[in-house]
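Residue strings, one per chain:
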Protein chains: 2
Amino acid sequence: MTKLFNFSAGPAVLPHAVLAEAQADMLDWHGSGMSVMEMSHRGREFMEIIHDAEQDLRQLMAVPAGYKVLFLQGGASQQFAMVPMNLLAGKTSADYVNTGHWSKLAIKEASRFGKVNVVASAEDRGFSYVPDQGVWQCDPEAAYLHYTSNETIGGVQFPFVPDAGKVPLVCDMSSDFLSREIDVAKFGLIYAGAQKNIGPSGLVVVIVREDLLGQAMPGTPTMLDYQVHANADSMYNTPPTYPIYIAGLVFKWLKEQGGVKGMAAHNGEKAGLLYHAITSSNGFYSTHVAEADRSQMNVVFRLKDEALDEVFVAEAKKRGLVQLKGHRVVGGMRASIYNAMPIEGVKALVGFMGEFAHQHG
Amino acid sequence: MTKLFNFSAGPAVLPHAVLAEAQADMLDWHGSGMSVMEMSHRGREFMEIIHDAEQDLRQLMAVPAGYKVLFLQGGASQQFAMVPMNLLAGKTSADYVNTGHWSKLAIKEASRFGKVNVVASAEDRGFSYVPDQGVWQCDPEAAYLHYTSNETIGGVQFPFVPDAGKVPLVCDMSSDFLSREIDVAKFGLIYAGAQKNIGPSGLVVVIVREDLLGQAMPGTPTMLDYQVHANADSMYNTPPTYPIYIAGLVFKWLKEQGGVKGMAAHNGEKAGLLYHAITSSNGFYSTHVAEADRSQMNVVFRLKDEALDEVFVAEAKKRGLVQLKGHRVVGGMRASIYNAMPIEGVKALVGFMGEFAHQHG
């Protein structure tokens, strides 16, 4: 078959080298006689796998001392509850920035556990930008300040890390985790569902400052208490072993690619090509996202003539360019170009877009 | 290397045919050009995978109409909270049977959300038996009656399905799910962590009678509300797609093996061989579990001379018989012989046990 480029927003394309290694190891990991799926999570072999995964992630992100790295389940959606249940810590309210679909869900869930103060919202302009921090109405007494660094559906990405002062900064980094350098020390807690830049779904990575642990509200289920998982090094119960193994392979692959710094350059180049194809199309393609806040991970765009949407998707598919249909909430097109999307995929898409515009323009 | 037989209590051995198919499909599932891990969970391909998995499971267990089958995350440990949070339904208490380590954890967690009435406990005799239902102190007004059909650590298995009258019967079936025929119509809710008889860890299967949905207590996190997942056909958020795919392959394999009925015969034969080796060893090996309640899944036994434990484990390992050390809570040995353990593995173990007893007896 034609080589396929998969622009899915998640679960998403994984590095070919990672899948090839997983394939080779499927029946017998490193001479153990077992598949990773068959290993006791408390056995020597898997302990080595999870240890290496954590160490590689710590190295990739330069996680400072005083932070726990947790491998949990339930996706970012479960974090929407775990964050307030664990971090409200007796305070009455938390600050949230509303930049789109995923922030809204985080805000809705948090509201069930405490008062949410929306410090800024981009809803006034269809979630097409990141509100300037100068206008945020932050509460210096807030339990924490939460934001979504990249809105997968809207295609909006924070070009800066907010300054939260003494308030712990919490970030849903699901869709741009490990895609650019960040200073972990600026954060109280970072969480990221795995199925975009880390590995398979069914795993969520949490990086949390240790002083924030141990204050879960009464009635928090044991499995939703960060302290429980931190005390047990993510082994309170059986963790999602195979997704952790694949994540570990992705981390090793990232190190070989020049780490997060290498990825950031690669991602910038890919996004640059694609946005250039959109903005130089004489209006055949367009994006509603403010230039400074355009996502390097999810490139959201529209065709001038909406009636061509289906043709575009079908023709692209014939070229092996799949999963380009935009999320139903915003319509149009979306090309997700996470770390594992090779530049050849983006070039193929840009080439196709040019031809399509020429044919139908 | 020597062919290995893995007696791990979970994650545990998987059918070779399943792993071989997963290996063949790793880079390109059925000509899709994608690994299953790379597929959008809402795409046609994965929708087919999860649909087939559900239908095969329904067929294997003859799940009647009026029951939802859910593929969730968080393992049985998260179910320990979800069950009371969803099923107390305004009632004040729930009934629990205490047959060992896992019942105790379920009871402890449920106690955080309501009153728990322990209707019977086998703690008086070191959790070596299942209390006769004649002596249970059940509350006809209980929200539900909970039991653990197989205690993975203690090696005790219910030889009967309790009669709960009009009270919904809830079962943690993690370690004997799909190992014998059961009448799902007798249950209000069944849950099972995948990593014993279903597939990889990171997946928990829930089968729930529809009339029990929709009554989650206030403060239940959205992700812990069965109704939310039932309404979305397990797609409220991204499900653990790869574990679901592997579970689906296991379900197909089970159908080829004669279904649950075929497995029950196979499991009975395996357990019979092993218990015979123990009870006919003139006391060199022994099991503390009452004869009628001996688990067909986790065969727990001791050596007469505890000082030989380490030698036994080391010698067994040399023969490719691994993960035989008992759980630290009970000591001794444990051979977990789930569906996927071939009879050759049990025969090899029995052969080794005979030789070892001969040498050291």
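Residues numbered from 1 in each chain as written. Chains lettered and ligands numbered in written order. Predicted model: local features only at pLDDT ≥ 70, side-chain atom pairs only at ≥ 80, totals over all residues. Heavy atoms only, no water.

An unreviewed UniProt entry lists chain A under the name Phosphoserine aminotransferase, with Craterilacuibacter sinensis as the source organism. Check the Function (unreviewed entry) section of the UniProt entry for chain A; it says "Catalyzes the reversible conversion of 3-phosphohydroxypyruvate to phosphoserine and of 3-hydroxy-2-oxo-4-phosphonooxybutanoate to phosphohydroxythreonine." (UniProt positions renumbered as here; feature names shortened; annotations may be inferred.)

Asker: An account of the packing of aromatic side chains is requested, with residue identities and associated values reported.
Answerer: This model, assessed by the stated rule, comprises 31 aromatic pairs over all chains. With a centroid separation of 5.2 Å and 50 degrees between ring planes, the pair formed by B:Tyr242 and B:Tyr245 is classed as tilted. Separated by three residues within a single helix, B:Tyr242 and B:Tyr245 lie in helix H6 (residues 241–256), roughly one turn from each other. The residues B:Tyr242 and B:Tyr245 share a single accessibility class, namely buried. On the numbers, 4.8 Å between centres and 85 degrees between planes, the contact of B:Phe284 with B:Tyr285 is edge-to-face. In this pair, the class of B:Phe284 matches that of B:Tyr285, namely buried. A connected cluster of aromatic rings, assembled from ring pairs, spans A:Phe284, A:Tyr285, A:Phe301, A:Phe312, A:Phe352 and A:Phe356. The cationic tip of A:Arg125 hangs over the ring face of A:Tyr129; the distance from NZ or CZ to the ring centre is 3.9 Å. (Phe/Tyr/Trp six-rings, centres within 6.5 Å; stacked < 30°, edge-to-face > 60°. Helix = DSSP H or I, 4+ residues; strand = E, 2+ residues; numbered from the N terminus. Buried < 20%, exposed > 50% of the residue type's maximum accessible area, 1.4 Å probe, protein only. Lys NZ or Arg CZ within 6 Å of the ring centre and 35° of its normal.)

Asker: A description of the relation of the copies chain B and chain A should follow, citing residues and the corresponding values.
Answerer: When chain B is brought onto chain A, the operation consists of a screw motion whose angular component is 180 degrees and whose axial shift is 0.0 Å, with 0.0 Å RMSD remaining. Such a turn and shift between the copies fits a two-fold axis. When each C-alpha of chain B is compared by its distance to the rotation axis, B:Gln23 comes out closest, at 2.6 Å. Mapped onto chain A, 100% of the interface residues of chain B are again interface residues, and the two copies thus contact each other with one and the same surface. (Least-squares fit on C-alpha atoms with pLDDT ≥ 70 in both. Contact = heavy atoms within 4.5 Å.)

Asker: Break down the sheet that holds strand E11 (residues 285–286) of chain B for me, citing the residues and quoting the values.
Answerer: Residue and element names in this part refer to chain B. Taken together, the three strands give an open sheet; going across it, the order is E11-E12-E14, and neighbouring strands pair in antiparallel fashion. Two strands close off the open sheet at either side, each with one partner strand: E11 and strand E14 (333–336). Pairing geometry for E11 and strand E12 (residues 298–303), over two bridges, is antiparallel. Opposite Tyr285, over in E12, you have Leu303 as the bridge partner. Those strands touched by helix H7 (residues 259–279) are E11, E12 and E14, and its axis lies near 15 degrees from that of E12. (Pairing = 2+ DSSP bridges. Axes fitted to C-alpha atoms, helices over the stretch in contact; angles between N-to-C directions.)

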